[in-house]
Amino acid sequence: MNRALAAALTSVAAAGAARAAYAVLTRRPPGGEKTWTRVNHRGEPVTLLEGPAVAAGAVLAQILRGVPGGRPPGLAQYSERARSSARPAQALALAGAGAFGFGVYDDLAGSGKRRGLRGHLGALANGEVTTGAVKLGGLGVTGLASALLLGGEPADVVINAGLMAGGANLLNLFDLRPGRAIKVATLSAALIKAGAPERGGQAVAAPLGAALALLPDDLGERAMLGDAGANALGAMLGGAAAVSLPRPARIALLAGIVALTGASEKVSFTKVIERTPPLRWLDMLGRRPPAVAHVAPAAREAEPPGVAAVRSGEDSKASPRREP
């Protein structure tokens, strides 16, 4: 099968699976609608179910795709070579599923009191194990497991693990306004494809297709990715870079992820975007005009734990109670 056609079919399958999962989840939310409802930067309720839907669509399409570099073999022809070829697809699926699992845990159990690497690691140093710290550790373990499954020299395993874990954490830091994380994911996918037109295009097809399928709901401020969706997308895009790009490009990308993550501890991405006209234009593309957030007292009483931190309009570095 032509690689471009295979990538297109994978993207369509991911989009369809994501939309179907979103329809099912919103019709019957696990644990009830209130479990998944958060208040955004406008003080309006949105659902976190976009994240599980995007993750489900991307991971399922990744599994079904089988082999990033070619046609999935039939069962009767499943040779040792085919098993080796399937490892990249399995590694990306594992990265996405693992990041989703730890992300949804932080979404539902996190309080939002501790933020960023400094906050969670500082709490850990004082003997307090936050949900964010558990998630960060889980992302590291998942990234390493996926990198080991992908294989390669020890240096490549370390780089690839960093790309998947770091990508998961970094994309989550952009999930602060409607559509922002998906726009960053789209630009990241375009860069990966530009660096490796054939393999890169196939590797990013599943996460990109699933994300774009839910972009209208994200921009419309009806839903948000949350940690579950942003972590899964970031991990799979990091995995796409790992299976597609040469080592020098992967090292440069990992350095960029580390630099941006470090900068996020001191600089507000939202403020930088608002002060930079081209970035502000892109950030506002497709969004409703900005408005002053306001939450009525009755709505505040019904808010889940940690939502008050979101109403402030400030960036939340590692909390699922992030304004979309």
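A brief report on the enclosed structure follows.

Cut-offs used in this document
- What you see as residue numbers is a count from 1 along each chain, following the sequence as written.
- In keeping with the model being predicted, local features are shown solely for residues with a pLDDT of at least 70 and side-chain atom pairs are shown and tallied solely at 80 or more, while totals for entire chains, interfaces and linings include all residues.
- Remark: hydrogens and water are excluded; side-chain values derive from all non-hydrogen atoms of the structure.
- We define the nonpolar core as a collection of buried residues of types Ala, Val, Leu, Ile, Met, Phe, Trp, Tyr and Cys that are connected through side-chain atoms lying within 4.5 Å of one another.
- Whether a residue is buried, partly exposed or exposed follows from its accessible area with a 1.4 Å probe, protein chains only, as a fraction of its type maximum: under 20%, in between, or over 50%, in that order.
- Residues are treated as being in contact if the distance between any of their heavy atoms lies within 4.5 Å.
- Comment: elements are numbered from the N terminus, with helices defined as DSSP H or I runs of at least four residues and strands as E runs of at least two.
- Cavity: a set of points on a 1 Å grid over the protein atoms alone where a 1.4 Å probe fits but cannot get out. Pocket: an open set with protein on both sides within 12 Å along at least five of seven lines, its lining residues, like those of a cavity, having an atom within 4 Å of a point.
- Grid points are joined across faces, edges and corners, and a volume is the space filled by probe spheres set on the points.
- Each residue gets one label: Ala, Val, Leu, Ile, Met, Phe, Trp, Tyr, Cys and Pro are nonpolar, Asp, Glu, Lys and Arg are charged, and the others, such as Gly, are polar.
- A fitted line through C-alpha atoms serves as each axis, taken over the contacting stretch for helices, and the angle formed by two N-to-C directions is quoted from 0 to 180°.
- For classification purposes, angles smaller than 35 degrees are called roughly parallel, those larger than 145 roughly antiparallel, those between 65 and 115 roughly perpendicular, and all remaining angles oblique.
- Handedness of a helix crossing follows the sense of rotation of the near helix relative to the far helix, less than a right angle counterclockwise being left-handed and clockwise being right-handed.
- Any helix carries an expected span of 1.5 Å times its number of residues minus one.
- For Phe, Tyr and Trp, where Trp contributes only its six-membered ring, two rings pair if their centres lie within 6.5 Å, and the inter-plane angle classes them as stacked under 30 degrees, edge-to-face over 60, or tilted in between.

### Observations concerning the nonpolar core
By size, the foremost hydrophobic cluster in this structure holds 56 residues, and its most contacted members are Leu 163 and Leu 225. If we skip the residues at most four places from it in the chain, Leu 225 touches Leu 48, Glu 50, Gly 51, Val 54, Asp 175, Ala 181, Ile 182, Asp 218, Ala 230 and Leu 233. The next biggest cluster of nonpolar side chains, apart from the first, holds nine residues, and it includes Ala 95, Ala 161, Met 164 and Ala 235.

### With respect to unusual backbone geometry
With glycine set apart, most residues show a phi of negative sign, and most peptide bonds adopt trans. Of note, the phi angle at Glu 221 is positive, near 60°, even though the residue is not glycine. With respect to the helices and strands, the residue Glu 221 is situated in the loop between helix 8 (197-219) and helix 9 (226-244). You can call Glu 221 buried: its relative accessible area is 4%.

### With respect to the layout of surface pockets
Considered as a void within the structure, the largest pocket measures approximately 790 Å³ in volume. Taken together, 31 residues make up the lining of the largest pocket; nearest its centre are Leu 170, Phe 174, Val 184, Ser 188 and Leu 260. Elements supplying a minimum of two residues to the lining of the largest pocket: helix 6 (154-173), helix 7 (180-195), helix 9, helix 10 (247-264), helix 11 (269-275) and helix 12 (277-284). Residue classes in the lining of the largest pocket are distributed as 22 nonpolar, six polar and three charged.

### Observations concerning the side chain of Ser 146
Examined against the element boundaries, Ser 146 turns out to sit in helix 5 (residues 131-150). Look past the residues within four positions of Ser 146 in its chain and what remains in contact with it is Ala 91, Leu 94, Ala 95 and Met 164.

### Considerations on the environment of Ala 99
When you line up the elements, Ala 99 lands in helix 3 (residues 80-109). A residue is classified by how much of its surface remains accessible, and Ala 99, at 1% relative accessible area, is buried. Sequence spacing of Ala 99 and Gly 234 is 135 residues, and the spatial spacing of their C-alpha atoms is 8.5 Å. When near neighbours in sequence (up to four residues on either side) are disregarded, Ala 99 contacts Leu 139, Thr 142, Ala 168, Asn 231, Ala 232 and Ala 235.

### Here we look at the packing of helix 2 (residues 50-65) against helix 9
The interhelical angle for the contact between helix 2 and helix 9, taken along N-to-C directions, is 30°, at an axis separation of 7 Å. As the angle between them shows, helix 2 and helix 9 are arranged roughly parallel. For the element pair helix 2 and helix 9, the recorded crossing hand is left-handed. Between helix 2 and helix 9, the residues in contact are Gly 51, Pro 52, Val 54, Ala 55, Ala 58, Val 59 and Gln 62 and Ala 228, Gly 229, Ala 232, Leu 233 and Met 236, respectively.

### Some details on helix 1 (residues 3-27)
For helix 1, built from 25 residues, the straight-helix expectation of 36 Å at 1.5 Å per residue is met to within 8% by its first-to-last C-alpha distance of 36 Å. Buried within helix 1 are the following residues: Ala 6, Ala 7, Thr 10, Ala 14, Ala 18, Ala 21, Tyr 22 and Leu 25. On the buried face of helix 1, the contacting elements are strand 2 (45-47), helix 2 and helix 8.

### Overview of the packing of aromatic side chains
One pass over the full model with this rule turns up one aromatic pair. On the numbers, 4.9 Å between centres and 20° between planes, the contact of Phe 174 with Phe 269 is stacked. Of this pair, Phe 174 sits in the loop between helix 6 and helix 7 while Phe 269 sits in helix 11, and the two are 95 residues apart along the sequence. When sorted by exposure, Phe 174 lands in the same class as Phe 269, which is buried.

### Section: helix 9
Taking 1.5 Å per residue as the helical rise, helix 9 with its 19 residues ought to reach 27 Å, and the 27 Å between its terminal C-alpha atoms agrees with that figure. Most of helix 9 sits out of view: 19 of its 19 residues are buried.

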